[in-house]
Amino acid sequence: MYICVCYGVTDSQVKHAVEQGADDLKSLQEKLQVGRQCGKCIKATIEMMEQTKDLTPNYYQVA
Ligand code: FES
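What comes next concerns the included structure. Counting from 1, residues in each chain are numbered in the order their sequence is written. Given that the model is predicted, a residue must reach a pLDDT of at least 70 before its local features are reported, and side-chain atom pairs must reach 80 or more before they are shown or counted; all residues, however, enter totals for whole chains, interfaces and linings.

1. Observations regarding unusual backbone geometry
Glycine aside, residues mostly have negative phi, and peptide bonds are mostly found in the trans state.
Okay, so step 1: Of note, the phi angle at Gln33 is positive, near 70 degrees, even though the residue is not glycine.
Okay, so step 2: Counting from the N terminus, the helices are the DSSP runs of H or I reaching at least four residues and the strands are the DSSP runs of E reaching at least two. Residue position: Gln33 is located in the loop between α2 (25–32) and α3 (42–55).

2. So, the nonpolar core
Okay, so step 1: Think of a nonpolar core as buried Ala, Val, Leu, Ile, Met, Phe, Trp, Tyr and Cys residues chained together by C-beta atoms that fall within 7 Å. Burial is judged by counting the other C-beta atoms within 10 Å of a residue's own C-beta: 20 or more makes it buried, 12 or fewer makes it exposed, and any count in between marks it as partly exposed, with every C-beta position built from the backbone. Counting 12 residues, the largest nonpolar core is built from Ile3, Cys4, Val9, Val14, Ala17, Val18, Ala22, Leu28, Leu32, Val34, Cys41 and Met49.
Okay, so step 2: Those elements giving two or more residues to this core turn out to be β1 (2–4), α1 (11–19) and α2.
Okay, so step 3: With three residues, α1 is the single largest residue contributor to this core.

3. So, the environment of Val18
Okay, so step 1: Within the fold, Val18 resides in helix α1.
Okay, so step 2: Given 23 C-beta atoms within 10 Å, Val18 falls into the buried group.
Okay, so step 3: When the C-alpha atoms of Val18 and Glu50 are compared, they prove to be 9.1 Å apart, with 32 residues separating the residues in sequence.

4. Observations concerning the packing of α1 against α2
Okay, so step 1: To get an axis, fit a line to the C-alpha atoms, keeping to the stretch in contact for a helix; angles then go from 0 to 180 degrees between the N-to-C directions. At a closest axis distance of 10 Å, the pairing of α1 and α2 adopts a crossing angle of 120 degrees. The element α1 and its partner α2 pack so that their crossing is right-handed. Contacts between α1 and α2 involve Gln13, Val14 and Ala17 from the former and Leu28, Lys31 and Leu32 from the latter. By convention the crossing between two helices is left-handed if the near helix lies anticlockwise of the far one by an angle smaller than a right angle, and right-handed if it lies clockwise. For every residue pair, C-beta atoms are placed from the backbone, and the pair is scored as a contact if these atoms sit within 7 Å.

Right, here's the structure in full:
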């Protein structure tokens, strides 16, 4: 599913970027350009980022 139509960014790309360490909107924008045109996707991107971070284990807390 497309999150950002302006740049053709999908939810899978956002999830992958978060899993690779992009933990804030600025980092996601640097990697994917998401939200840099009209900005309508920013709210959905942040929600997806937060959901993905909640599901991604924090290995430092586990160890
Ligand atoms: S939909 Fe993402 S910048 Fe327009």
